[in-house]
Amino acid sequence: MPVMKFKTPERVCWNDDASGNTFYVVAMSDTTSKWRANPKLPLEEVVYSEDILCFNKTSSGICQVASPEQLEAAFKTKDSTAIIKSILSAGQVAVKEFELEVDSQTTTAYNAASSAANVASTAATSAIEGVKGYLSSFW
């Protein structure tokens, strides 16, 4: 069976030990290393957005867009471009790779979709018959 390999987007993280916050940006697959080799690459070709995300270990790992105050405290600037470049330069890259057997996954997905369509069709038919019965009780 053919196997397809996939990679998730890269999460580039930088930890601020003083505040306990972890700041990160989401980069396209295989772009952080290219940017590090050539920092003149436009950021639009590296990161998905200019959002700088943040979570604190004490906040149950809930992620949010970093506030200007958090950015100023950690990076001594509010300039998002400079901060993104700093995270890309010094951050740790996390990416997941996984494989799927195409034939079995396709078959499983097809069977699941067929089953869902059958259930939906049966439910719709039952609902229509129920409405017809209800309406016919008035006539």
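Owing to the predicted nature of the structure, the values given are computational and were not obtained by experimental measurement.

What counts and what doesn't
- Residues numbered from 1 in each chain as written.
- Predicted model: local features only at pLDDT ≥ 70, side-chain atom pairs only at ≥ 80, totals over all residues.
- Heavy atoms only, no water.
- Helix = DSSP H or I, 4+ residues; strand = E, 2+ residues; numbered from the N terminus.
- Buried < 20%, exposed > 50% of the residue type's maximum accessible area, 1.4 Å probe, protein only.
- Contact = heavy atoms within 4.5 Å.
- Pairing = 2+ DSSP bridges.
- Axes fitted to C-alpha atoms, helices over the stretch in contact; angles between N-to-C directions.
- Patch = residues over 30% accessible without salt bridge, like charges linked within 9 Å, V, L, I, M, F, W, Y side chains within 5 Å.
- Areas by Shrake-Rupley, 256 points an atom, 1.4 Å probe, with all protein chains shown as cover.
- Salt bridge = Lys/Arg side-chain N within 4 Å of Asp/Glu carboxyl O.
- Polar contact = N/O pair within 3.5 Å; in protein donor to acceptor, adjacent residues only side chain to side chain.
- Phe/Tyr/Trp six-rings, centres within 6.5 Å; stacked < 30°, edge-to-face > 60°.
- Arc of directions from axis to C-beta.

K.L.:
Help me out: how do you make sense of the environment of L43 in this one?
P.N.:
Turning to its location among the elements, L43 is positioned in the loop between α1 (32-37) and β4 (53-56). Assessed through its relative accessible area of 13%, L43 is described here as buried. Discounting residues that sit within four places of it in the chain, L43 has contacts with W35, T81, I84, K85 and L88.

K.L.:
When you look at the sheet that holds strand β5 (residues 64-65) in this model, what are you seeing that I'm missing?
P.N.:
The strands making up a sheet associate through hydrogen bonds between their backbones, and the pairing can be parallel or antiparallel. Ordered in space as β5-β4-β3-β2-β6, the five strands form an open sheet in which the pairing is antiparallel. Only two strands of the sheet have a single neighbouring strand rather than two, namely β5 and β6 (92-94). Pairing of strand β3 (residues 21-27) with β4 involves four bridges; the strand directions are antiparallel. Bridging from a neighbouring strand, F23 pairs with C54 of β4. This element, helix α3 (residues 80-90), spans β2 (10-16), β3 and β6 of the sheet and lies at about 90° to β3.

K.L.:
I keep staring at a nonpolar patch on the surface and nothing clicks. Help me out?
P.N.:
Among the surface-exposed residues, M4, F6 and F98 lie close enough to one another that they form a single nonpolar patch of about 250 Å² accessible area. With respect to the helices, strands and loops of the structure, F98 is situated in strand β7 (residues 97-101). A relative accessible area of 37% places F98 in the partly exposed class.

K.L.:
I keep staring at the side chain of Q70 and nothing clicks. Help me out?
P.N.:
Within the secondary structure layout, Q70 lies in helix α2 (residues 68-75). Side-chain polar atoms of Q70 contact the backbone nitrogen of S67, separated by 2.9 Å. Contact partners of Q70, with chain neighbours within four places excluded, come to N21, F23, C54, Q64 and V65.

K.L.:
In this structure, what is going on with the packing of aromatic side chains? I would like to understand it.
P.N.:
For any two aromatic rings, the description comes down to two numbers: the centre-to-centre distance and the angle of the planes. In the structure shown here, the tally under the stated rule is four aromatic pairs. A centroid spacing of 5.3 Å and a plane angle of 70° characterise the contact between F23 and F75, whose relative ring orientation is edge-to-face. Of this pair, F23 sits in strand β3 while F75 sits in helix α2; the two residues are 52 residues apart in sequence, bridging distant segments of the chain. According to the relative accessible area criterion, F23 is buried, its value standing at 0%. Take F75: its relative accessible area is 14%, and that puts it in the buried class. Site record: aromatic cluster; members linked through ring pairs are W14, F23 and F75.

K.L.:
Help me understand α3, please; the structure alone is not making it clear to me.
P.N.:
Two residues of an α-helix separated by three or four positions point the same way, owing to the 3.6 residues in each turn. Taken together, the buried positions of α3 are I83, I84, I87 and L88. The buried residues of α3 occupy an angular sector of 135° when the element is viewed end-on, so they sit on one face.

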